[in-house]
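Reading the structure
Single-letter residue listing:
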Amino acid sequence: MSDSWQTRTKLVHSGTRRSQYGEVAEAIFLTQGFVYDSAEAAEARFLDAGEDEFIYARYGNPTVRMFEERIAALEGAEDAFATASGMAAVNGALTAMLKAGDHVVSARALFGSCLYILEEVLTRYGVDVTFVDGTDLGAWRAAVRPDTKAVFLETLSNPTLELIDLRAVADLAHGVGATVIVDNVFATPVFSRAFDLGADVVVYSATKHIDGQGRALGGVILGSREFIRKTVEPYLKHTGGAMSPFTAWIMLKGLETLDLRVRAQAAGALSVAAALEGDNRLARVIFPALEGHPQRALAAEQLPEGGTVVAFDIAGGQGAAFRFLNALKLVTISNNLGDAKSIITHPATTTHQRLTDEQREALGITPGLVRLSVGIEDAGDLVADLKQALDAV
Ligand SMILES: *Cc1c(COP(=O)(O)O)cnc(C)c1O
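The rules behind the values
- Residues numbered from 1 in each chain as written.
- Predicted model: local features only at pLDDT ≥ 70, side-chain atom pairs only at ≥ 80, totals over all residues.
- Heavy atoms only, no water.
- Helix = DSSP H or I, 4+ residues; strand = E, 2+ residues; numbered from the N terminus.
- Expected span 1.5 Å × (residues − 1).
- Buried < 20%, exposed > 50% of the residue type's maximum accessible area, 1.4 Å probe, protein only.
- Arc of directions from axis to C-beta.
- Contact = heavy atoms within 4.5 Å.
- Axes fitted to C-alpha atoms, helices over the stretch in contact; angles between N-to-C directions.
- Parallel < 35°, antiparallel > 145°, perpendicular 65-115°, else oblique.
- Nonpolar A, V, L, I, M, F, W, Y, C, P; charged D, E, K, R; others polar.
- Core = buried A, V, L, I, M, F, W, Y, C linked by side-chain atoms within 4.5 Å.
- Domains from an automatic or database assignment.
- Pairing = 2+ DSSP bridges.
- Near = heavy atom within 4 Å.
- Polar contact = N/O pair within 3.5 Å; in protein donor to acceptor, adjacent residues only side chain to side chain.
- Areas by Shrake-Rupley, 256 points an atom, 1.4 Å probe, with all protein chains shown as cover.
- Buried area = accessible area lost by both parts, 1.4 Å probe.
- Left-handed = near helix turned anticlockwise from the far one by under 90°.

A few points about helix H14 (residues 379-392)
For H14, spanning 14 residues, the distance from its first C-alpha to its last is 20 Å, which sits close to the expected 20 Å at 1.5 Å a residue. Considered for burial, the residues of H14 that qualify are Ala379, Leu382, Val383, Asp385, Leu386, Ala389 and Leu390. The buried side chains of H14 occupy one side of the element, clustering within an arc of 160 degrees when seen end-on. The elements touched by buried residues of H14 are helix H10 (245-276), strand E8 (282-286), strand E9 (309-314), helix H12 (317-327) and strand E12 (369-373).

Structure representation (structure tokens):
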């Protein structure tokens, strides 16, 4: 039955496990361990734990399992492993499968901590990493080698919202037998087509849209049962990146409303982008669902809804951008995204502060650029706030 459920049904019901009390809301199993009926039962479970048999919360827990099954059902993945944060998921997916001497090709425009793992951590352990401009297929073609083990990318870059042609990159990678690992936060689990387009492994920071209400850190790795249980689980259960049962409960509740929230956010983002486009106080407005997006054809195929983030460049540089942020009354200054509340960030001085001027320029992170994560507020109220703040610049 559950295989034929539509998305919204899955998000409310998939993975549910009820205790003997028949609770309506999912139970939080705040327990690190589990008791066995006998010594023999303990021995048997350590030998081969069945579907609903748990040993220790670092390995798995019923509330965490509910979350894993629900997100796997949404994404259309065979299995999932939940982690303490998005970074534990990115790190876990990569380090679980790589060893010294392996070669990885990665897009350069990455979330800062992802770049740290690829550039600083993996290389320290002898993994050879080649970075490419993710939007340049020729660069991917030149970088992928017969011994390439994995490619890593974010389908939509942060904060300039450039798209990578996932299908084309996946074809190149699969040609040499490499695993395609996608950090899919900006595309969101609701609009994700990553597996259809050729991803083998999809990673989310659940901190973003999945919680969506600014409460908890979490992450998840999705893939084939073989990859999750034979490669990811042994690594993560022994290295301690597990999600806590309380966090899993927050994320389960987040999943129930995920589709409603993300669709409302995307509709709001389109309204905001359309209202800002053409305003002569802005040097550019970037949103993948706008006709004017430079990669319109690819965006129409890969992310027609455009996502929930809008970026725009305030004419007048950093001073003007700061005056704009400080004049906002409704939109809050912070650095999370995917939240029910609209959040604005000045990347050059915060999330991308550590880059050099040249690196920022190469990534299109100009001094006037701001990144707006659109929440679920009324779009008219958001536009009015943004316009009055532009008037104040
Ligand atoms: C936030 C984010 C992460 C890291 O997630 P945490 O939950 O903060 O650890 C990784 N990748 C992308 C694209 C993100 O936006």
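Regarding the packing of helix H4 (residues 86-97) against helix H9 (residues 225-239)
Contact pair H4 / H9: the axes reach a minimum separation of 9 Å and the direction vectors enclose 110 degrees. One element, H4, and the other, H9, form an angle in the roughly perpendicular class. Where H4 approaches H9, its residues Ala88, Asn91, Gly92, Ala93, Thr95, Ala96 and Met97 are matched on the opposing element by Phe227, Thr231, Val232, Tyr235 and Leu236. The class makeup of the residues in the contact of H4 with H9 is 8 nonpolar, 4 polar and no charged.

Quick word on the nonpolar core
Counting residues in each nonpolar core, the largest one holds 61 residues, and the members touching the most others are Phe67, Ile71, Trp140, Val151, Leu153, Ile210 and Leu222. Sorting elements by how many residues they give to this core places H10 first, with 8 residues. Counting contributing residues per domain, this core is built from domain 1 (7-254) and domain 2 (259-392), each supplying no fewer than three. With near-sequence residues (within four places) excluded, Phe67 lies in contact with Ala82, Ala206, Ile210, Gly219, Val220, Met243, Ala248, Met251, Leu252 and Leu255. One finds Leu276, Ala321, Leu328 and Val383 within the second-largest nonpolar core, a separate group that totals 28 residues.

With respect to the sheet that holds strand E10 (residues 332-333)
Spatially, the 5 strands line up as an open sheet ordered E8-E9-E12-E11-E10, and their pairing is mixed. Two strands close off the open sheet at either side, each with one partner strand: E8 and E10. Across 5 bridges, E9 lies against E12 in antiparallel orientation. Each residue of the ladder has a partner; that of Asp313, found in E12, is Leu369.

Details of the site of the ligand
Taken together, 14 residues lie near the ligand, and Gly86, Asp183, Ser205, Thr207 and Lys208 sit nearest. The backbone of Gly86 places a nitrogen or oxygen atom 2.8 Å from an oxygen atom of the ligand. A distance of 2.6 Å separates a nitrogen atom of the ligand from a polar side-chain atom of Asp183. About the coverage of the ligand: the protein hides 92% of its 380 Å² of free accessible area.

Here we look at the domain arrangement of the protein chain
Per the domain assignment, the segments of the protein chain are domain 1 (7-254) and domain 2 (259-392). With centres defined by C-alpha atoms, the gap from domain 1 to domain 2 works out at 27 Å. Each side of the interface is counted separately: domain 1 has 34 residues, and domain 2 has 35 residues. For the pair domain 1 and domain 2, the summed buried area comes to about 2,900 Å², and 61% of that belongs to carbon and sulfur atoms. When the buried area of domain 1 at its contact with domain 2 is split by residue, Pro159, Leu163 and Phe191 rank highest and sum to 25% of it.

Here's the deal with the pairing of strand E1 (residues 79-83)
Most of E1 sits inside the fold, with 5 of its 5 residues counted as buried. With burial as the criterion, each face of E1 is covered, one bearing Asp79, Phe81 and Thr83 and the other bearing Ala80 and Ala82. Examined bridge by bridge, E1 and strand E7 (residues 219-223) share 5 bridges and lie antiparallel to one another. In the sheet register, Thr83 faces E7, and the bridge partner there is Gly219.

Section: the side chain of Asn61
Looking at the secondary structure, you find Asn61 in the loop between helix H2 (39-47) and helix H3 (62-75). When neighbours within four sequence positions are excluded, Asn61 is seen to be in contact with Phe29, Thr31, Phe34, Phe54 and Pro245.

Structural notes on the packing of H3 against H10
Between H3 and H10, whose axes approach to 8 Å, the crossing angle comes to 30 degrees. One finds that H3 runs roughly parallel with respect to H10. Crossing hand, H3 versus H10: left-handed. Contact residues: Thr63, Val64, Met66, Phe67, Arg70, Ile71 and Leu74 in H3; Pro245, Ala248, Trp249, Met251, Leu252, Leu255, Glu256 and Leu258 in H10. Residue classes in the contact of H3 with H10 are distributed as 12 nonpolar, 1 polar and 2 charged.

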